[in-house]
Amino acid sequence: MSDRAKAKSDDMPAVMPYLGVREAAAAIEFYRQAFGAKDMGRLNLPDGRIAHAAIDIGGAVVMLADENPEWGNFAPPSLGGTTVRLHLYVDAVDAVFARAIAAGAKEVIPVADQFYGDRSGRLEDPFGHQWIVATRKEEVAMDEMQRRFEEMAPKTE
């Protein structure tokens, strides 16, 4: 057996979002209710905050931790919002979107058919992170997608 570790664990993807949230335990419960997340484990601080957790959402790993300014980990409300959106493909976007709203998310953009072949909508979870929830309805080639985009895009002069 070698003392040298692999560059990454075989059971983890190379890239994973890492979310800073207020009330990480409540966030994990929201993601369980809204998106069917499975808790992969947690490391708790002595004061009860979660220092690190990982959840599985549809085979994708999302890491998260309670806001901890001492470690440079901030939640969107402390920063005035988020610049990152998480994109989640699901089998039934309308049902998952409705479930997320019922669990406490806010609709940002309603679910609708999109020119690029998805049926999708955007929501903000109760912790300030934005999610695009989508179901693929049609495979659209890039040139056709560009044509459709130009058709719907505002004209500039």
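Going by the structure above, here's the rest.
Residues numbered from 1 in each chain as written. Predicted model: local features only at pLDDT ≥ 70, side-chain atom pairs only at ≥ 80, totals over all residues. Heavy atoms only, no water.

## Focus: the overall build of the protein
In step 1: Secondary structure summary: the protein contains four helices and eight strands in total.
In step 2: Of the regular secondary structure in the protein, the N- to C-terminal order runs β-α-β-β-β-α-β-α-β-β-β-α.
In step 3: The principal-axis extent of the C-alpha atoms belonging to the protein is close to 55 × 40 × 35 Å.
In step 4: Looking at the protein as a whole, 36% of its 157 residues are labelled buried.
In step 5: The contacts in the protein between residues at least 6 apart in sequence include a share of 51% that link residues at least 24 apart.
In step 6: When the accessible surface of the protein is summed, it comes to about 9800 Å², and 54% of that surface belongs to carbon and sulfur atoms.
In step 7: Counting 18 positive and 25 negative side-chain charges, the protein places the averaged centre of each group 1 Å from the other. (Helix = DSSP H or I, 4+ residues; strand = E, 2+ residues; numbered from the N terminus. Buried < 20%, exposed > 50% of the residue type's maximum accessible area, 1.4 Å probe, protein only. Contact = heavy atoms within 4.5 Å. Areas by Shrake-Rupley, 256 points an atom, 1.4 Å probe, with all protein chains shown as cover. Lys, Arg positive; Asp, Glu negative; His and termini not counted. Charge placed at Lys NZ, Arg CZ, Asp CG, Glu CD.)

## Overview of the nonpolar core
One broad trend across soluble globular proteins is that nonpolar side chains are buried collectively.
In step 1: Among the nonpolar cores identified, the biggest contains 29 residues, and Tyr-31, Phe-35, Ile-57, Leu-64, Trp-131 and Val-133 are the most heavily contacted of them.
In step 2: Top element by residues in this core is helix α1 (residues 24–35). It accounts for seven residues.
In step 3: Residues within four places of Trp-131 in sequence aside, it is in contact with Leu-19, Tyr-31, Phe-35, Ile-57, Leu-86, Leu-88, Gly-121, Arg-122, Leu-123 and Asp-125. (Core = buried A, V, L, I, M, F, W, Y, C linked by side-chain atoms within 4.5 Å.)

## Considerations on the side chain of Asn-73
In step 1: Position of Asn-73 relative to the elements: it lies in the loop between β4 (60–66) and α2 (76–79).
In step 2: If we ignore the near neighbours within four places in the chain, the residues touching Asn-73 are Gly-20, Ala-65, Asp-66, Glu-67 and Asn-68.

## Notes on unusual backbone geometry
In step 1: The phi torsion at Glu-23 lies on the positive side, around 65°, for a residue other than glycine.
In step 2: With respect to the helices and strands, Glu-23 occurs in the loop between β1 (18–21) and α1.

## Considerations on the pairing of strand β2 (residues 38–44)
In step 1: The pairing of β2 with strand β3 (residues 50–57) spans six bridges and is classified as antiparallel. Residue pairing across strands places Leu-43 opposite His-52, the latter belonging to β3. (Pairing = 2+ DSSP bridges.)

## So, the sheet that holds β2
In step 1: The four strands are arranged β1-β4-β3-β2 in an open sheet whose pairing can be described as mixed. Edge strands, defined here as strands with exactly one partner in the open sheet, are β1 and β2. The mean inter-strand angle of the sheet, taken between neighbouring strand axes irrespective of direction, is 20°.
In step 2: Relative to β3, α1 is tilted by about 5°, and along the sheet it contacts β1, β2, β3 and β4. (Axes fitted to C-alpha atoms, helices over the stretch in contact; angles between N-to-C directions.)

## A look at the packing of α1 against helix α3 (residues 93–102)
In step 1: Packing of α1 against α3 leaves a shortest axis separation of 8 Å and a crossing angle of 145°. Classified by chirality, the crossing of α3 by α1 is right-handed. From α1, Phe-30, Gln-33, Ala-34 and Phe-35 reach across to α3, where they touch Val-96, Arg-99 and Ala-100.
In step 2: Of the residues in the contact of α1 with α3, the class split is five nonpolar, one polar and one charged. (Left-handed = near helix turned anticlockwise from the far one by under 90°. Nonpolar A, V, L, I, M, F, W, Y, C, P; charged D, E, K, R; others polar.)

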